[in-house]
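# Close look at the chain arrangement
Chain by chain, the residues:
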Amino acid sequence: MRYRVLLLAFMIGMFTANSGANSNVNEIIKKVENNLNGETAILEFTMRVKNKRTERTMKMVSYSSGKDKSFIKILYPGKDKGITFLKIDNTMWQYVPRIEKTIKIPASMMLQSWMGSDFTNDDLVKESSISDDYTCTLLQESENSYQLELIPLEDAAVIWGKIIMEISKQYYLPTTVNYFDEDNTLIRELTYSDIKPFGDRFYPTKWLMLPQEADKIGHQTHMEISAATFDAEIDAAFFTKRALKRYSR
Amino acid sequence: MLIKLALRNLIAYKKRTIVTVLLTTITTALLVFSTAWMDGSHQTMIKNAVEIYPGYLQITADKFRDSPSFDHLIFDADTVSQQLSQNQDIATFGARFESFVLFSANEKSVGGMLTGIEPEKEQQLSRLYSSLHSGDYLKTTDTNSAYIGIELARRLKVDIGDEIVFIGNGADYSFAADTLKIKGLFQTGLYEFDASAAFIAKPYFDVIMAADNYATHFIVQPKHPEQTVELAAQLGETIGSQYQSASWNQIMAELVKAMEIDSLFGYITLAIIFIVVFFVIMIYTLLTVFGRIREIGVLRAIGTTPRQIFTILLLESCVLALISVIAGGLLGGAFAYYFELHPITLSGFEDQFKQYGLAVSAIPTAFEPWTILRDMAVMFTLSVLSTIYPIIKVNRYKPVEAMRHV
Amino acid sequence: MFKTATKIGITSLLRRRTRSALLILMIAVSLWGLLFIEGIYDGMTEQMIANAIRSDSGHISIFADGYRLNPDLSRWIENTIELDEFLNERQQIKSTVARLKQDGLVATAHYSRGIAILGIDLEREANHSHLEGYLRHGELNFGERQRGAIIGFKLAKKLKVAIGNKIILSAQNSAGEMASTALKVKGIIKTHNMAFDENAVFIAAAKARELLSMPTGISQIAISIANEGEIASLQQQLQEEFPNLTIKRWDELYPALQQSRVLMAGFKQVINIIIFSIAALGIFGVMLVSVLERMREFGIMLAIGTKFSQIGIIILVEASILGCAGFGLGALAGFSTLYYFKIYGLDLSVFSSALDEFGLDAITYAIIRPDYFFTALAAIILASVFSIIIPLRILKKTKPVDAINAI
């Protein structure tokens, strides 16, 4: 009996704590998402992919509108120049000038590495919607940061068990994102740093992805944003299948 | 003296002699031939499964087998190649680079395996060349010509001369894509393989996949395939700890075990036949021995010891068994030999064989003298053992009883 | 007459007890061994076939035209109502299941694999494929919100998931767009059909329709019928009624299994012939000697007016008693052995991984068919009859006087 009362007290406590914090937390997340995505964004960036043996550098430009549409074009190295990607909702196409062909990425390839990096095709497609797919709770709050725990909604098609996100209070931008599986094993760690101003907005210019699984130790993917324009008008023609070939050159 | 007596008796009691000899001969022949057939079919199945593509012996980087990623490649193929070429027990060897890619043609995209091979060497290492269905096999100097499985071609709806494209990752994880022109189609009979594999010449592969001097594995063809296990162990020690060498029975452990079960049931079946034969021989021995009971009584009466009688009778059995086992061994061996040279073809059962990785329906028997000798020894023992009970039984009679036995 | 013959027969058999006992034992043992082989081997063959029929094809499978060559969502059976009506009218049909299939991807945080997604109706499957018999872990239930998935044990091992773990399914839907959903592993099954154990994820039909945006339509209808003999005629009827559909029998879908059955039947025939020929030789030897050593006896009988046919009957009765006793003993031993293995099964789990290769369970349940016993009885009677022909001819050639004076 005593145990039950205790449990009840605990539950009430939790409930109130949650409901109090929830609105606050959701606002944090909304803000963060807004700061990362914008209405539209044009980003130029360099991607360095490192593993035990090799290191490669790629340059690319991406155009995105909201969460659902994006277009990416590879600028460097020469052998990959002109490869374009188009993502609309959950579907992704790729155009390769060398073979002059547009290929729709099939379901079975979605979790394959994107351009040899530690991001998957799926990461690009579902880069999305933390506020749609996760329940957020505030774990800790310090002077400069919030630590949020994101648990996927039951119906959300995400592979993670949970995500722990550190958010800078100053900019409302993420600093570290840790991805866990269902058994709470850390699978990968994404850090954002070097926040710089672009127009009226601040944006992290260095992204570092560190896979933590045993067979991927030693791999890392580094992204560095060199130019960014937010909320500019982007021609709707970028987000059509024809754009893949048209804007390849 | 006893042998002479035994021989004379054998001639005198022709019926027993003939029946026993015939029965033992036929059973021995049956055993010898069945063993040769079973061993032969299993060897053929394994040989096929091994030779179609996986090869007798594979050298990979140490961790590749557990975690086949591009982090665990053979990064110095030339050195491995040099080391292998110094080994006297190796007939040929060749490097391969396998990578999983997306093939695409006619709006159809299919995941599959693109492999860079050394076309000339591969001719001796696998059945790729002999599985040519139409078109031509690869040459080392070929560039973007592909040799693809017939089912893969069917899935992509392409034929010889058509183009397919692939996208995938190079050995440095960089993006790789190219257009390939279909030069030839192969059909090994293994559906999964024919539906997903495509090959191009390694020199060109190395260029487009950034795989120069790299390999996922080496295939080694031993001079004596039956000593693969020893060779694998030996190479494992000499080639260095960053590499691993595995023989076919490690690579295809399940198939090996499946063959063991099949043999087990084969032997159970034979054992049941043997039991029946055992009984029949026993019955015939009993009949003849008891037919001679009066004679035995007389022998005992004139002072022959039971031991001598036992020896005579046992000698008879031994002589009979020896003659029949030799005859049976020769007969069964002859059949085994003949059908090794002229394999039995079970046409119409290709599908069933394919299921077990056997792409042809011709099954040669395995003519192996040591196995035949083993079978002959087994039959000899059985045949002699089966006569012991009647012999002991008849010896238990007292001379007088025996003489009066009706 | 027969009474006397039986009496004489039994008496003379008892006089040569060892010999008679050995012969009976021989027949019994050979029959026992034969029955064992037949029952166990048939059990294995039928198990392989049953596994394929239960888990996949049924006795007959219906597909949309062209689906077998290009299994995608553009080819599905649309007119299910008419088809259902037709199938419901057929009394011989035991059960039918409809499945929606699409290739897709299953993923966890660690691994991903290409697989076939199968939308099924568990209630209908229960009558058809008896999935509960294949269940190894968890339960056969997609849950209230149909968010459960049932996967094969090999896939579970490859993905390293257990009951309750989350998996993500992705596939192209009927509009050509990528669709994904999160599911919980509810059950892990072992069907011994590699295609399923390694490469299939079963989900609720409704969930599959939602995922694939397929409000109607079916990829495959599998039909089980009570009497295997009617498969071909039902196939023909279906084909005539629905010329636009592909109707296939299980043996057309799994030709290898049909061949196994044919091979096995041939193999059993050979073994039967070998064993009974050897056994017949044994009976023949005993009968020959038993006639020869009683030449004088028979000579006297003939001399005092017994008809030759009567002596023939005595000998025949003797042979038959031996044969029947052997048969009775062997059949009893064989039946009990097979019955034991039918109930408890022959456990071959030592070879488990290799058995999977054959599509077999670790435990084989024997089959007992009446025709094993009829064939054996016929063979033994035949062997007994043939075994006395030569002895009788020898007897007939011998004149009574010579026979009496023999020895």
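Please read these numbers as outputs of a predicted model, since none were measured by experiment. (Residues numbered from 1 in each chain as written. Chains lettered and ligands numbered in written order. Predicted model: local features only at pLDDT ≥ 70, side-chain atom pairs only at ≥ 80, totals over all residues. Heavy atoms only, no water.)

## Observations regarding a negative patch on the surface
All names here are of chain C. Rules: Residues qualify for a patch when their relative accessible area is over 30% and they have no salt bridge, like charges being joined within 9 Å and the nonpolar side chains of Val, Leu, Ile, Met, Phe, Trp and Tyr within 5 Å. The Shrake-Rupley method, run with a 1.4 Å probe, gives the accessible areas here. Residue values count only the displayed protein chains as cover. Here a salt bridge means any side-chain nitrogen of Lys or Arg lying within 4 Å of a carboxyl oxygen belonging to Asp or Glu. Within this scheme the basic residues Lys and Arg register as positive and the acidic residues Asp and Glu register as negative, but His and the chain ends are omitted. Charge coordinates come from a single atom per side chain, which is NZ of Lys, CZ of Arg, CG of Asp or CD of Glu. Strands here are runs of E lasting at least two residues and helices are runs of H or I lasting at least four, both read from the DSSP assignment and numbered beginning at the N terminus. Relative accessibility under 20% of the residue-type maximum defines a buried residue, over 50% an exposed one, and the middle range a partly exposed one, all with a 1.4 Å probe and only protein chains included.
On the surface, Glu82, Asp84, Glu85, Glu240 and Glu241 cluster together into a patch of negative charge. Elements that contribute at least two residues to the negative patch include exactly helix 3 (80-89) and helix 8 (231-241). Of the residues forming the negative patch, the biggest block, three residues, is contributed by helix 3. Mapped onto the elements, Glu82 comes out in helix 3. Take Glu82: its relative accessible area is 42%, and that puts it in the partly exposed class.

## Points about the nonpolar core
Note the threshold: Residue types Ala, Val, Leu, Ile, Met, Phe, Trp, Tyr and Cys, when buried and joined through side-chain atoms within 4.5 Å, form a set referred to as a nonpolar core. Any two residues whose heavy atoms approach within 4.5 Å are treated as being in contact.
In this structure, C:Ile62, C:Leu83, C:Ile221, C:Ile223, C:Leu238 and C:Ile315 are the most contacted members of the largest nonpolar core, which totals 107 residues. Every residue in contact with C:Ile62, bar those within four places of it in the chain, is listed here: C:Ile77, C:Leu83, C:Ser219, C:Gln220, C:Ile221, C:Ile223, C:Leu238, C:Leu245, C:Thr246 and C:Ile247. Within the second largest apolar cluster, 69 residues are counted, among which are A:Met110, A:Leu124, A:Tyr146 and C:Ile168.

## Quick look at the packing of aromatic side chains
For any two aromatic rings, the description comes down to two numbers: the centre-to-centre distance and the angle of the planes. Residue and element names in this part refer to chain A. Which entries qualify depends on this criterion: In summary, the pairing rule links any two rings of Phe, Tyr or Trp, Trp by its six-membered ring, whose centres are within 6.5 Å, and it sorts them by plane angle into stacked for under 30 degrees, edge-to-face for over 60 and tilted for everything else.
A complete count under the given rule lists 42 aromatic pairs over all chains for this structure. For the pair Phe71 and Tyr247, a centre-to-centre distance of 6.1 Å together with 80° between the ring planes defines the contact as edge-to-face. One end of the pair, Phe71, is in strand 3 (residues 69-76); the other, Tyr247, is in the segment after helix 4 (241-246), with 176 residues separating them in the sequence. The class for Phe71 is buried, based on a relative accessible area of 0%.

## Focus: unusual backbone geometry
Each neighbour pair has its own omega, and for A:Tyr76 with A:Pro77 the value is 0°, a cis peptide bond. The backbone of A:Asn184 shows a phi angle near 65°, a positive value even though the residue is not glycine. Within the secondary structure layout, A:Asn184 lies in the loop between strand 10 (173-180) and strand 11 (186-198). Classification of A:Asn184 as partly exposed rests on a relative accessible area of 48%. The backbone of C:Ser213 sits at a positive phi, close to 50°, despite the residue not being glycine.

## Here we look at the interface of chain B and chain A
For clarity, the threshold we go by: By definition, the buried area sums, over both parts, the 1.4 Å-probe accessible area that each loses when the two are put together. Residues adjacent in sequence count toward polar contacts only when both atoms are side-chain atoms; beyond that, a polar contact is any pair of N or O atoms within 3.5 Å, and within protein one must be able to donate a hydrogen and the other to accept it.
At the interface, 27 residues of chain B touch 22 residues of chain A. Carbon and sulfur atoms make up 55% of the area that chain B and chain A hide from each other, which totals about 1,900 Å². Contact with chain A buries surface across chain B, with B:Asp71, B:Tyr173 and B:Phe175 losing the most and accounting together for 31% of the total. Here chain B is connected to chain A by one salt bridge. B:Asp178 is the salt-bridge partner of A:Arg98, the closest N and O atoms lying 3.2 Å from each other. On the surface where chain B and chain A come into contact, there are eight residue pairs in polar contact (both at pLDDT 80 or more).

## Considerations on the interface of chain C and chain B
If you look at the interface, chain C gives 49 residues, while chain B gives 40 residues. Summed over both sides, the interface between chain C and chain B buries roughly 3,900 Å², with carbon and sulfur atoms accounting for 74% of that surface. The tally of links from chain C across to chain B stands at zero salt bridges. Counting across the chain C and chain B interface gives five residue pairs in polar contact (both at pLDDT 80 or more). Among the secondary structure elements, those contributing two or more residues to the side of chain C that touches chain B are helix 2 (17-57), helix 10 (255-292) and helix 13 (352-358) of chain C. Top contributing element to the side of chain C that touches chain B by residue count: helix 10 of chain C, with 20 residues.

## Regarding the environment of A:Ala243
Residues and elements named next belong to chain A. With respect to the helices and strands, the residue Ala243 is situated in helix 4. Classification of Ala243 as buried rests on a relative accessible area of 1%. Sequence separation between Ala243 and Ala228 is 15 residues, and the spatial gap between their C-alpha atoms is 21 Å. When near neighbours in sequence (up to four residues on either side) are disregarded, Ala243 contacts Phe71, Ala237, Phe238 and Ser248.

## Quick look at the pairing of strand 2 (residues 90-105) of chain B
Residue and element names in this part refer to chain B. As a reminder of what qualifies: DSSP-based pairing: two strands are paired if at least 2 bridges between them are found.
Within strand 2, 14 of the 16 residues are buried, which leaves the element mostly enclosed by the surrounding structure. Here six bridges tie strand 2 to strand 9 (residues 217-222), and the two strands are oriented antiparallel to one another. Directly across from Thr92, in strand 9, lies its bridge partner Gln221. The hairpin turn running from strand 2 into strand 3 (residues 108-117), its antiparallel successor, is two residues long, and Asn106 in that turn takes a positive phi close to 50°. Alignment of strand 2 against strand 6 (residues 163-169), held across three bridges, turns out to be antiparallel. Paired with Phe103 across the two strands is Phe166, which belongs to strand 6.

## Some words on the domain arrangement of chain B
All names here are of chain B. Filter applied, for reference: Here the bounds of each domain stem from an automatic or database domain assignment.
Split by domain assignment, chain B resolves into domain 1 (2-50 + 255-404) and domain 2 (55-251). With eight residues of domain 1 at the interface, the matching set in domain 2 holds eight residues. In total, domain 1 and domain 2 occlude about 740 Å² of area from one another, counting both sides; carbon and sulfur atoms represent 62% of this. On the surface where domain 1 and domain 2 come into contact, there are one residue pair in polar contact (both at pLDDT 80 or more).

## Section: the pattern of salt bridges
Per the counting criterion, the structure on display carries 39 salt bridges over all chains. For B:Lys121, the salt bridge is made with B:Glu118, and the minimal N-O distance between the two is 3.7 Å. For B:Lys121, a relative accessible area of 29% corresponds to the partly exposed category. Between C:Arg294 and C:Glu318 there is a salt bridge whose closest N-O contact spans 2.4 Å.

## Quick word on empty space enclosed by the protein
Rolled over the atoms, a probe sized like a water molecule indicates the empty space that remains. Residues and elements named next belong to chain C. Here is the rule we go by: With a 1 Å grid laid over protein atoms only, a set of points is called a cavity when a 1.4 Å probe fits there but cannot get out and a pocket when it is open yet has protein on both sides within 12 Å along at least five of seven lines; lining residues have an atom within 4 Å of a point. Grid points are joined across faces, edges and corners, and a volume is the space filled by probe spheres set on the points. Any residue that is not Ala, Val, Leu, Ile, Met, Phe, Trp, Tyr, Cys, Pro, Asp, Glu, Lys or Arg is counted as polar, Gly included; the first ten are nonpolar and the last four charged.
All chains considered together, the criterion is met by six cavities of 30 Å³ or more. Lining the largest cavity are Ser12, Leu13, Arg16, Arg19, Ser20, Val286, Ser290, Glu318 and Leu322. Sorting the residues of the lining of the largest cavity by element identifies helix 1 (2-15), helix 2, helix 10 and helix 12 (308-343) as the ones contributing at least two each. A per-class count over the lining of the largest cavity returns three nonpolar, three polar and three charged.

## Things to note about the packing of helix 1 (residues 2-12) of chain B against helix 12 (residues 306-341) of chain B
Residues and elements named next belong to chain B. Our working rule: Every axis in this analysis is a line fitted to C-alpha atoms, fitted for helices over the stretch in contact. Angles between the N-to-C directions lie between 0 and 180 degrees. In this scheme, roughly parallel covers angles under 35 degrees and roughly antiparallel covers those over 145, while 65 to 115 is roughly perpendicular and the rest are oblique. Two helices that cross are described as forming a left-handed crossing if the nearer one is turned anticlockwise from the farther one by less than a right angle, and a right-handed crossing if clockwise.
Between helix 1 and helix 12, the shortest axis-to-axis distance is 9 Å and the interhelical angle comes to 60°. The orientation of helix 1 with respect to helix 12, classified from their angle, is oblique. Relative to helix 12, helix 1 is oriented so that their crossing is right-handed. Side by side, helix 1 and helix 12 meet where Leu2, Ile3, Leu5, Ala6, Leu7, Asn9 and Leu10 of the first sit next to Gln308, Thr311, Ile312, Leu315, Glu316, Val319 and Leu320 of the second.

## Comments concerning the packing of helix 10 (residues 253-291) of chain B against helix 14 (residues 369-396) of chain B
All names here are of chain B. At a minimum axis separation of 8 Å, helix 10 and helix 14 run at an interaxial angle of 40°. Once helix 10 is placed against helix 14, the crossing between them reads as right-handed. Residues Tyr267, Phe274, Phe278, Ile281, Met282, Thr285, Leu286, Val289 and Phe290 of helix 10 lie in contact with helix 14, whose contacting residues are Arg374, Met379, Leu382, Ser383, Leu385, Ser386, Thr387, Tyr389, Pro390, Lys393 and Val394. Residues belonging to the contact of helix 10 with helix 14 are distributed by class as follows: 14 nonpolar, four polar and two charged.

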